[in-house]
Amino acid sequence: MKCIFCDVLSNKQPASVVLETEHCLVIADLFPLTAGHILLVSKTHQEKLTELSEIEMADLFLTARKIAPVLQAVTGADACHWLVNDGKAAWQHVPHVHLHLIPRYKNRPLQLLLGILTRPFMWLGLAQRRRRLDDFTHQLAEAIKETSV
């Protein structure tokens, strides 16, 4: 079965990369629910979290723990929504373990809903969006490096 994340991991598909660890790749979501929405993608092709080794799962969540406060600072978000859709019944669209970090803003309660509703139309202007995502991921990557003393 073709997997978009496996294609990204093998450089067959482009991605806006924030960071890479031994067990995960951190990329910008091409169809973000809010500005700054990123994905932590397991380097092992498994559908469910429970199929990852303890080391792979630990790397995924410890990387998210390191990145989340930096993501909030860079985006000016008030919080960060951590989301794993673990299996098809949980609305997992790509059957490959990945964790969403979605910046959330207390004064913009409808922003996430708007992101969900407009997601199907995000194929329009894809090249321009990719450039903006590359700029954002570069900024986020630099901010992460600055906090990793």
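Given the structure is predicted, the values throughout are model-derived calculations rather than measurements. (Residues numbered from 1 in each chain as written. Predicted model: local features only at pLDDT ≥ 70, side-chain atom pairs only at ≥ 80, totals over all residues. Heavy atoms only, no water.)

Thoughts on the overall build of the protein
Then step 1. Looking only at helices and strands, the protein has four helices and five strands in total.
Then step 2. Counting from the amino terminus, the protein carries its helices and strands in the arrangement α-β-β-β-α-β-β-α-α.
Then step 3. The long-range fraction of contacts in the protein, counting pairs at least 24 apart against all pairs at least 6 apart in sequence, stands at 62%.
Then step 4. Of the roughly 8,700 Å² of accessible surface on the protein, 59% is carried by carbon and sulfur atoms. (Helix = DSSP H or I, 4+ residues; strand = E, 2+ residues; numbered from the N terminus. Contact = heavy atoms within 4.5 Å. Areas by Shrake-Rupley, 256 points an atom, 1.4 Å probe, with all protein chains shown as cover.)

Considerations on the side chain of His96
Then step 1. Looking at where His96 falls in the secondary structure, it is placed in the loop between β4 (79–83) and β5 (98–104).
Then step 2. By relative accessible area, His96 is classed as buried at 0%.
Then step 3. A polar contact is formed between the side chain of His96 and the backbone oxygen of Ser42, at a distance of 2.6 Å.
Then step 4. If we ignore the near neighbours within four places in the chain, the residues touching His96 are Cys3, Phe5, Cys6, Leu9, Val41, Ser42, Thr44, His45, Gln46 and Glu47. (Buried < 20%, exposed > 50% of the residue type's maximum accessible area, 1.4 Å probe, protein only. Polar contact = N/O pair within 3.5 Å; in protein donor to acceptor, adjacent residues only side chain to side chain.)

Some points on the nonpolar core
Then step 1. In this structure, Val26, Ile38, Leu60, Ile67, Leu71, Leu101 and Leu140 are the most contacted members of the largest nonpolar core, which totals 22 residues.
Then step 2. Those elements that provide at least two residues to this core are β1 (17–20), β2 (24–28), β3 (38–42), α2 (54–75), β5 and α4 (126–147).
Then step 3. Take this core: its biggest share by element is six residues, from α2.
Then step 4. If you look at the next biggest cluster of nonpolar residues, it comprises eight residues, including Phe5, Val8, Leu39 and Val41. (Core = buried A, V, L, I, M, F, W, Y, C linked by side-chain atoms within 4.5 Å.)

Description of the pairing of β1
Then step 1. Note: β1 against β2, three bridges, orientation antiparallel. By the bridge assignment, Leu19 is partnered in β2 with Val26.
Then step 2. Between β1 and the antiparallel strand that follows it, β2, lie three residues. (Pairing = 2+ DSSP bridges.)

What about the side chain of Thr75?
Then step 1. Structurally, Thr75 can be placed in helix α2.
Then step 2. From its side chain, Thr75 meets the backbone oxygen of Leu71 in a polar contact 2.8 Å long.
Then step 3. A polar contact is formed between the side chain of Thr75 and the backbone nitrogen of Ala77, at a distance of 3.3 Å.
Then step 4. Here Thr75 is in contact with Ala35, Gly36, Pro103, Tyr105 and Phe136, once residues within four sequence places are set aside.

A few points about the pairing of β5
Then step 1. A large share of β5 lies buried, amounting to six of its seven residues.
Then step 2. Pairing geometry for β3 and β5, over four bridges, is antiparallel. Looking across to β5, one finds that Leu40 is bridged to Leu99.
Then step 3. Pairing analysis gives five bridges linking β4 to β5, with the strands arranged antiparallel. Of the residues in β5, the one forming a bridge with Cys80 is Pro103.

Focus: the environment of Thr63
Then step 1. Mapped onto the elements of the fold, Thr63 is located in helix α2.
Then step 2. Of the residues examined, Thr63 reaches a relative accessible area of 6% and is grouped as buried.
Then step 3. Taking the C-alpha atoms as reference, Thr63 lies 8.2 Å from Leu40; in sequence the two are 23 residues apart.
Then step 4. Not counting residues up to four positions away in its chain, the partners in contact with Thr63 are Leu19, Thr21, Cys24, Val26 and Leu40.

These figures capture arrangement, not role.
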